[in-house]
Amino acid sequence: MKSQWTPEPPQVYRARRTLGGIFYFFGGLLPMSYMVLLALTLILGYLGYLTLSTFTFLFSLSFLFFGLTFIIWGIIATVTSALAFSRNRSWASGLITVYNAVVTVFDAWEYIKGFLSAWKSARRAIDSSDFSIIDVIAIVGLALTIGFVVTYVAFKQGMKNSKVVGYYY
């Protein structure tokens, strides 16, 4: 049986649609798209379909955009677990809240440290003569599409199998 401090997005969505939508977007769609983008970039780069500047740009873009979304998701998870802790006063909920806060601060610190380097790499890649914006748009679009399909199917399956016991927050 799942405890109340780890609700699944479909259960949250049934109880509160806006919060469930935020969970789905920041906790499901964007992380899945990020992983698919990295996998596609590695595979296509290894097979020689991508130029070095396009490869570099895609990795820099993934750090700049998706790194920020992970920080936003960390803030959402920390606030959500803190609200759950304030409601049920479980020591496990308190540990999860502290863990979420520490990891979010660490993620933000790493993002801040690497931001200028990733930005410079992206700018250099764009200025390169072998950079292809068409490849970037196609790969990012494919990654978002695959991420959407995977998370939407999982979300719908979760909606079918979830039962809302009560409000979590």
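The shown structure was predicted, so the numbers you read here are calculated from the model rather than taken from an experiment.

If you look at the biggest cluster of nonpolar residues, it comprises 19 residues, and the most contacted ones within it are L37, F57, L58 and I139. For this core, the secondary structure elements donating two or more residues are α2 (17–46), α3 (52–88), α4 (91–127) and α5 (133–161). Counting residues per element, this core draws most heavily on α2, at 8 residues. In this view, I139 contacts L37, L40, T41, L44, L50 and L58; residues no more than four positions away in its chain are not counted.

Attention now moves to the pattern of salt bridges. Side chains that differ in sign of charge can pair as their charged atoms come close. Summed over the entire model, instances satisfying the criterion amount to 1 salt bridge. For E110, the salt bridge is made with K113, and the minimal N-O distance between the two is 3.3 Å. Within this pair, E110 and its partner K113 are both found in helix α4, separated by 3 residues, close to a single helical turn.

A separate point is the packing of aromatic side chains. Applying the stated criterion across every chain, the model contains 9 aromatic pairs. Between Y34 and F70 the ring centres are 5.2 Å apart and the planes differ by 85°, which places this aromatic pair in the edge-to-face class. Of this pair, Y34 sits in helix α2 while F70 sits in helix α3; the two residues are 36 residues apart in sequence, bridging distant segments of the chain. On the basis of relative accessible area, Y34 is assigned to the buried category, the value being 19%. Summarising the aromatic geometry, the rings of F148 and Y152 are spaced 5.4 Å apart at their centres and angled 20° between planes, so their arrangement reads as stacked. Taken together, the positions of F148 and Y152, both in helix α5 and 4 residues apart, correspond to about one turn of that helix. Classification of Y152 by relative accessible area gives partly exposed; the value is 37%.

Let us now look at the environment of T41. In this fold, T41 is placed in helix α2. With a relative accessible area of 1%, T41 lands in the buried category. Remark: the alpha-carbon pair of T41 and F59, spanning 18 residues in sequence, is separated by 7.7 Å. Not counting chain neighbours up to four residues away, the residues in contact with T41 comprise L50, F55, L58, F59 and I139.

With that settled, the discussion passes to the confidence of the model for the chain. For the chain, the average pLDDT comes to 82, and 85% of its residues sit at 70 or higher. For the chain, per-element mean pLDDT is lowest for helix α1 (residues 9–15), which scores 54, and highest for α4, which scores 90. Scored below 50 in pLDDT, residues 1–7 makes 11 contacts in the model with residues more than four places away or belonging to other chains.

Thresholds applied
Residues numbered from 1 in each chain as written. Predicted model: local features only at pLDDT ≥ 70, side-chain atom pairs only at ≥ 80, totals over all residues. Heavy atoms only, no water. Core = buried A, V, L, I, M, F, W, Y, C linked by side-chain atoms within 4.5 Å. Buried < 20%, exposed > 50% of the residue type's maximum accessible area, 1.4 Å probe, protein only. Helix = DSSP H or I, 4+ residues; strand = E, 2+ residues; numbered from the N terminus. Contact = heavy atoms within 4.5 Å. Salt bridge = Lys/Arg side-chain N within 4 Å of Asp/Glu carboxyl O. Phe/Tyr/Trp six-rings, centres within 6.5 Å; stacked < 30°, edge-to-face > 60°. pLDDT = per-residue confidence, 0-100.

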